[in-house]
Amino acid sequence: MEKLKKLMFLLVGLIAFVIGVIGIFLPVLPTTPLFLLTSFCLLKSSEKLNEKFMQTKMYEKYVKSFVEKGGMTLKAKLCLTVPVSLLLLFMFLTIENTMMRMIIIIMWLAKVIVFTKMKTIKVEKNMEACDGQ
């Protein structure tokens, strides 16, 4: 039973990782929470795999400061929120289905609420917040 549990965590972790990588290029997908889920699942399934994940550039860029400091810089928040907001606005304006428009509004509100409630940390020297996020 323990092996099945570890296998399930590994599977969920790998799926979260793949979707997170896609989220790097598609701003609608939340990269940082997916990589946090990846790390959690890998830790539950294999410490060795989690250690390898924590040594990747993706972990360093999208997760490390969030895990260590419990928040993001204002610049990083804006770099993540503005492109998504513009994309959702474009979708809202081009889609005429009322139900889809309501879903878009809910997605946008959820993103704004999450980033508003998230701790804002001060910028450290030599820290680039927006490059490639």
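If you're wondering where the values come from, they're calculated on a predicted model, not measured in any experiment.

*Asks:* I'm lost on a nonpolar patch on the surface in this one. Help?
*Replies:* Among the surface-exposed residues, M1, L4, L7, M8, L11, I15 and I19 lie close enough to one another that they form a single nonpolar patch of about 740 Å² accessible area. Here I15 lies in helix 1 (residues 2-25).

*Asks:* Please clarify how the pattern of salt bridges should be interpreted in this entry.
*Replies:* Side chains that carry opposite charge are capable of pairing whenever their charged atoms lie near each other. If you walk through the whole model with that rule in mind, you get one salt bridge. For E60, the salt bridge is made with K64, and the minimal N-O distance between the two is 3.7 Å. On the basis of relative accessibility, which here comes to 29%, the residue K64 falls in the partly exposed class.

*Asks:* Quick question: what am I supposed to make of the packing of aromatic side chains here?
*Replies:* Any two aromatic rings considered together are summarised by their centre-to-centre distance and by the angle between their planes. Taken as a whole and assessed by the stated rule, the structure comprises five aromatic pairs. Residues F9 and F40 carry aromatic rings whose centres are separated by 6.0 Å and whose planes lie at 75° to one another, so their mutual orientation is edge-to-face. Of the two residues, F9 sits in helix 1 while F40 sits in helix 2 (residues 31-45), which places them 31 residues apart along the sequence. Using a relative accessible area of 21% as the deciding quantity, one classes F9 as partly exposed.

*Asks:* Is there a simple way to explain the packing of helix 1 against helix 2 in this structure?
*Replies:* Packed helix pairs are characterised by how far apart their axes lie and by the angle those axes make with each other. It is at 8 Å that the axes of helix 1 and helix 2 come closest, and there the two elements cross at 155°. When the interaxial angle is binned, helix 1 and helix 2 end up roughly antiparallel. Classified by chirality, the crossing of helix 2 by helix 1 is left-handed. Where helix 1 abuts helix 2, its residues K6, F9, L10, V12, G13, A16, F17, I19, G20, V21, G23 and I24 lie against T31, L34, F35, L37, T38, F40, C41, L42, K44 and S45. When its residues are assigned to classes, the contact of helix 1 with helix 2 shows 14 nonpolar, six polar and two charged.

Calculation criteria
Residues numbered from 1 in each chain as written. Predicted model: local features only at pLDDT ≥ 70, side-chain atom pairs only at ≥ 80, totals over all residues. Heavy atoms only, no water. Patch = residues over 30% accessible without salt bridge, like charges linked within 9 Å, V, L, I, M, F, W, Y side chains within 5 Å. Areas by Shrake-Rupley, 256 points an atom, 1.4 Å probe, with all protein chains shown as cover. Salt bridge = Lys/Arg side-chain N within 4 Å of Asp/Glu carboxyl O. Helix = DSSP H or I, 4+ residues; strand = E, 2+ residues; numbered from the N terminus. Buried < 20%, exposed > 50% of the residue type's maximum accessible area, 1.4 Å probe, protein only. Phe/Tyr/Trp six-rings, centres within 6.5 Å; stacked < 30°, edge-to-face > 60°. Axes fitted to C-alpha atoms, helices over the stretch in contact; angles between N-to-C directions. Parallel < 35°, antiparallel > 145°, perpendicular 65-115°, else oblique. Left-handed = near helix turned anticlockwise from the far one by under 90°. Contact = heavy atoms within 4.5 Å. Nonpolar A, V, L, I, M, F, W, Y, C, P; charged D, E, K, R; others polar.

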